[in-house]
Amino acid sequence: RPSLPPPPLCSQRPLGKRETEKCVLVGVHVTSTAGSGIPAGSTPFDIDSSLDELEALADTAGMEVAGRVSQSLSSPLNGTYIGTGKAKEVKSLMAETGACVCVFDDELTPAQQRNLEAALGNEKEGKYVKVIDRTALILDIFSQHARTREGKLQVELALYSYRLPRLTKMWTHLERQSGAGGVGLRGPGETQIEVDRRLIRDKVGALKKQIAEVKNHRSRQRLARKKLALPIISIVGYTNAGKSTLLNTLTNAGVLEENKLFATLDPTTRRATLPGLKIQPEVLLTDTVGFIQKLPTNLVAAFRATLEEVLEADLLLHVVDISNPMYEAHMDTVNRVLEELGAEKKPQVVLWNKVDLYEGDRMDLQLKAAENDRTVIISSRTAEGIEDSVRTIESVLRDLLVHYEAVIPYKKGEVVSMLHEKGVVDLEEHQGAGTYLLGSAPRWLVMQIEEHCIGNGLEAAGMKRSEEEEEIEMWKALAKKRVEYEPKELTNPSA
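The numbering scheme is per chain: residues are counted from 1 as the chain's sequence reads. pLDDT decides what is reported in this predicted model: residues at 70 or higher carry local features, side-chain atom pairs at 80 or more are listed and counted, and totals for whole chains, interfaces and linings draw on all residues regardless. Processing note: side-chain calculations cover all non-hydrogen atoms of the structure and skip hydrogens and water entirely.

1. Thoughts on the environment of Ser389
Working step 1: Here Ser389 is to be found in helix α12 (residues 386-399).
Working step 2: We call a residue buried when its accessible area falls under 20% of the maximum for its residue type, exposed when it is over 50%, and partly exposed in between, using a 1.4 Å probe and counting protein chains only. Ser389 sits in the buried class, given a relative accessible area of 4%.
Working step 3: In the structure, Ser389 is positioned 72 residues away from Leu317 in sequence and 9.6 Å away in space, judged by C-alpha atoms.
Working step 4: Each residue touching Ser389, except ones within four places of it in the same chain, is listed here: Leu351, Val376 and Ile378. Strands here are runs of E lasting at least two residues and helices are runs of H or I lasting at least four, both read from the DSSP assignment and numbered beginning at the N terminus. Only heavy atoms matter for contacts: two residues are in contact if any of them lie within 4.5 Å across the pair.

2. Remarks on the packing of aromatic side chains
Working step 1: Only the six-membered ring of Trp is used, alongside the rings of Phe and Tyr, when aromatic pairs are assigned; centres must lie within 6.5 Å, and planes under 30 degrees apart are stacked while those over 60 apart are edge-to-face, with the rest tilted. Under the defined criterion, the tally for this structure stands at two aromatic pairs.
Working step 2: With a centroid separation of 6.0 Å and an interplanar angle of 90°, the aromatic rings of Tyr81 and Phe104 are classed as edge-to-face. Of this pair, Tyr81 sits in the loop between β2 (64-73) and α2 (84-97) while Phe104 is found in strand β3 (residues 101-104), placing the two residues 23 residues apart along the sequence.
Working step 3: Look at Phe104 and you get buried, because its relative accessible area is 0%.
Working step 4: Here Tyr327 and Trp352 contribute two aromatic rings whose centre-to-centre distance is 5.9 Å and whose plane-to-plane angle is 70°, an arrangement assigned as edge-to-face. With Tyr327 in helix α10 (residues 327-341) and Trp352 in strand β9 (residues 348-353), the pair connects residues that are 25 residues apart, well separated along the chain. Assigned by exposure class, Tyr327 and Trp352 land together as buried.

3. With respect to the confidence of the model for the protein chain
Working step 1: As a per-residue measure, pLDDT reflects the predictor's confidence and takes values from 0 up to 100. For the protein chain, mean pLDDT is 78; residues scoring 70 or higher make up 76% of the total.
Working step 2: Here residues 481-495 is modelled with pLDDT under 50, and outside its nearest four sequence neighbours on either side it reaches 24 contacts, counting other chains as well.

4. Thoughts on the pattern of salt bridges
Should their charged atoms come close, side chains of opposite charge can pair.
Working step 1: Whenever a carboxyl oxygen of Asp or Glu lies within 4 Å of a side-chain nitrogen of Lys or Arg, that contact is scored as a salt bridge. Across all of its chains, the model carries 17 salt bridges by this definition.
Working step 2: In this structure, Asp52 and Arg68 form a salt bridge, with 2.9 Å as the shortest nitrogen-oxygen distance. Of this pair, Asp52 sits in helix α1 (residues 47-61) while Arg68 is found in strand β2, placing the two residues 16 residues apart along the sequence.
Working step 3: We classify Asp52 as partly exposed; its relative accessible area is 44%.
Working step 4: Where Glu421 meets Lys422, a salt bridge forms, and the shortest distance between an N and an O atom there is 4.0 Å.
Working step 5: Here the salt bridges do not stand alone but share partners, grouping Glu53, Asp105, Asp106, Arg134 and Lys294 into one network.

5. Section: the pairing of strand β4 (residues 130-133)
Working step 1: Burial of β4 is two-sided: the residues Lys130 and Ile132 facing one way and the residues Val131 and Asp133 facing the other way are all buried.
Working step 2: At least two bridges found by DSSP between two strands is the condition for calling them paired. Bridge analysis of β3 against β4 gives four bridges, and the strand direction is parallel. Bridged to Val103 within β4 is Ile132.

6. As for the sheet that holds β3
Working step 1: With respect to topology, four strands assemble into an open sheet ordered β2-β1-β3-β4, the strand pairing being parallel. For this open sheet the edge positions go to β2 and β4, each flanked by a neighbour on one side alone. Strand after strand, the sheet turns through a mean of 20° between neighbouring axes, direction not considered.
Working step 2: With four bridges connecting them, strand β1 (residues 22-30) and β3 associate as parallel partners. The residue bridging Leu25 from the neighbouring strand is Val103, located in β3.
Working step 3: Fitted lines through C-alpha atoms serve as axes, helices being fitted only where they are in contact, and the angles separating the N-to-C directions of these axes extend from 0 to 180 degrees. Helix-sheet contacts for helix α3 (residues 110-120) involve β3 and β4, and the interaxial angle to β4 is about 145°.

7. So, helix α5 (residues 149-163)
Working step 1: In this model α5 runs 21 Å from its N-terminal to its C-terminal C-alpha over 15 residues, within 8% of the 21 Å that 1.5 Å per residue would give.
Working step 2: Extensive coverage of α5 is indicated by the burial of 11 of its 15 residues. By definition here, a helix of n residues has an expected span of 1.5 Å times n minus one.

8. Regarding the sheet that holds strand β13 (residues 435-441)
Working step 1: The three strands are arranged β11-β13-β12 in an open sheet whose pairing can be described as antiparallel. Only two strands of the sheet have a single partner each, and these edge strands are β11 (402-408) and β12 (424-430). Strand-to-strand, the axes of this sheet are offset by a mean angle of 10°, without reference to chain direction.
Working step 2: Of the pairings in the sheet, the one linking β11 to β13 comprises seven bridges and is antiparallel in character. Within β13, the position partnered with His403 by the bridge is Ser440.

This is the structure we're talking about:
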């Protein structure tokens with residue numbers, strides 16, 4: 001069976017170890033957003049800031065930026081994305097600087113990519129120019145930084161999904177179908193392309209099955225973490241905001257720290273004891289993949305199993321690089337991605353990180369942070385503000401506790417001890433039937449003392465046991481041979 005060659009996105013030929021590709025960056029400032037559903041002027045990133053970020057991506061991918069070109073258009077052109085005159089300007093700049101790669105700050109269609117390669121190169125003279133877009137650049141970085149089997153599977157799926165409609169450009173060494181040949185005359189290139197399209201579709205299907213297995217594995221991991229009965233805190237934020245450094249500061253996790261975009265991809269979960277945390281000293285901290293503007297849809301779909309870690313969190317730590325002039329735009333981008341994932345209602349503690357690199361007035365910054373709810377100024381590198389952030393985390397975790405009023409039988413003294421350990425007891429009295437307690441505790445613990453709650457049990461505590469939780473409890477009782485139960489189809493409790 002023929003195999004599909006996987007050419008690298010950012011190079012059609014192998015590079016030497018020390019050889020670096022020169023590139024020119026191209027960005028378009030769209031002045032009109034008619035039909036897009038976005039109000040004019042609402043895009044938080046200006047063209048220069050967006051190209052600065054694209055330059056950082058190119059540097060992370062291992063390319064040398066030789067120059068940049070920008071253009072303002074009411075809307076990108078269907079044929080070549082930029083105007084004919086601007087394409088000539090880019091071609092001239094590439095010739096002057098010796099650049100062989102042109103990187104666009106938006107995702108190009110396959111037709112635009114082919115047209116630009118023809119416009120910027122000279123096939124008759126054997127001068128070929130490689131045109132890639134922002135999506136290809138990010139995918140290339142992800143393929144370089146993926147370390148675990150899960151990360152590699154997700155990147156591979158995104159790569160093949162991106163390559164499928166662009167397959168023709170990989171077979172320029174073979175004869176392609178030509179209208180001059182007439183009906184019924186097809187060259188070998190057409191046949192090879194069709195074979196490879198089928199191979200890619202088969203590969204995508206196989207990858208999706210493997211990722212589904214990974215998702216089930218992650219579900220089992222999440223279920224195991226829930227059994228620990230510890231608060232789950234997910235660290236989210238824009239790429240290179242300092243999330244991994246914060247995790248290392250709090251837990252000594254030893255996660256890779258680099259001043260590069262997407263230095264770490266694979267989520268890391270660590271059990272940690274936060275100094276000063278009184279209600280629940282031990283927590284589970286998860287470092288997630290960083291977000292970025294114009295995040296490729298293929299990448300979001302492929303990494304959904306990983307990104308869904310935030311849905312299981314009790315609290316989100318939103319880390320922001322306050323030293324970056326575009327920090328507000330970064331915050332908006334992260335919040336939009338969280339909304340797409342369905343995690344926008346999760347409680348957040350916003351950490352304005354890298355204050356040691358902040359060049360503005362510190363007093364004004366502190367006043368601004370005080371005006372925002374649950375916002376703390378910190379430096380993950382120097383540990384400045386960590387104690388304040390822990391106090392804010394404790395305040396939020398306290399708000400997540402559920403109020404209860406119960407009488408616990410004396411023979412269940414371990415339950416009383418756990419309520420003291422895991423929650424807050426406001427009133428305790430010893431009565432004839434048992435220990436009377438009034439206080440707050442995590443939801444899972446209040447559910448365990450439902451039969452001892454005064455009033456309507458969980459409903460008195462403002463909760464209602466879900467059908468899924470009822471089935472899980474029934475299975476537990478069946479395992480202990482307390483009840484007879486006719487099993488019915490059980491859904492995955494962690495799906």
